[in-house]
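So you can see what is in the structure, the chains are spelled out below.
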Amino acid sequence: MNLDIRRERPDDHRPIFAIEAAAFDTDAEARLVDLLRAADALILSQVAEIKGVIVGHAAYSLVTVTDGASVRRFPALGPIAVSPPLQRQGIGSALVRAGLRAMRALDYELLFLVGSPRYYPRFGFQPAQPLGFTSDYVEPGGAHEHFMVALLRESVPDGVGGHVQFHPAFAEVS
């Protein structure tokens, strides 16, 4: 499979919406991408193409990490989607790897996501809570393994921890 990954262009918006909507039970993720784009909150939006046809998409926006008076910003991956007939063929993996390279090139130290604890560890993601992070996506005392972080450097930066808040658009579509 000859897969190309590139940044989205304005004429990609409709195919991205279609792939995001088809890959999930509802169009919430597709609407989320549109809301993030409208808020100018996408720091990166990548598409995967085969022979010029978009077959996958990954979006990156910033989260805030608050610990007392300290507020830092890091990227988050999501949503990410692959056209259903082409899932399980490495397209999603290629998108995740391309995003990790891009976030490292942009000098970010951490990358957050909420996703499958069976899928994302292969890319270096691990549960974020044991590293000192909380999120609205984790209920006190509840399962937390789906709230993950990838260390883009060797360790969590000194003094970084606290509550991770995703862009308000995430709450609008949930």
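Residues numbered from 1 in each chain as written. Predicted model: local features only at pLDDT ≥ 70, side-chain atom pairs only at ≥ 80, totals over all residues. Heavy atoms only, no water.

S.K.: Tell me about the layout of surface pockets, residues and numbers included.
M.R.: Its boundaries defined by the atoms lining it, the largest pocket holds a volume of some 930 Å³. Taken together, 33 residues make up the lining of the largest pocket; nearest its centre are Phe-24, Ile-80, Ala-81, Gly-115 and Tyr-120. Listing elements by their share of the lining of the largest pocket, those giving two or more residues are α2 (28-38), β4 (70-82), α3 (91-105), β5 (110-114) and α4 (168-173). Among the elements that make up the lining of the largest pocket, the one with the highest residue count is β4 (six residues). The residue makeup of the lining of the largest pocket, split by class, is 20 nonpolar, ten polar and three charged. (1 Å grid on protein atoms, 1.4 Å probe; cavity = no way out; pocket = protein on both sides within 12 Å on 5 of 7 lines; lining within 4 Å. Points joined across faces, edges and corners; volume = space filled by probe spheres on them. Helix = DSSP H or I, 4+ residues; strand = E, 2+ residues; numbered from the N terminus. Nonpolar A, V, L, I, M, F, W, Y, C, P; charged D, E, K, R; others polar.)

S.K.: Can you break down the nonpolar core residue by residue, with the values?
M.R.: One finds Val-63, Val-65, Phe-112, Phe-133, Phe-147 and Val-164 to be the most contacted residues of the largest nonpolar core, which totals 30 residues. Mapped onto this core, the elements with two or more residues apiece are α1 (13-23), α2, β2 (42-50), β3 (53-67), β4, β5, β8 (147-151) and α4. Counting 23 residues, the second largest nonpolar core, distinct from the first, contains Ile-50, Ile-80, Val-82 and Leu-95. (Core = buried A, V, L, I, M, F, W, Y, C linked by side-chain atoms within 4.5 Å. Buried < 20%, exposed > 50% of the residue type's maximum accessible area, 1.4 Å probe, protein only.)

S.K.: Pulling in residues and values, what's your account of the environment of His-57?
M.R.: Within the secondary structure layout, His-57 lies in strand β3. His-57 sits in the buried class, given a relative accessible area of 0%. Placed 24 residues apart in sequence, His-57 and Ala-81 show a C-alpha to C-alpha distance of 5.4 Å. Engagement of the side chain of His-57 in a polar contact is seen with the side chain of Glu-20, the distance being 2.8 Å. (Polar contact = N/O pair within 3.5 Å; in protein donor to acceptor, adjacent residues only side chain to side chain.)

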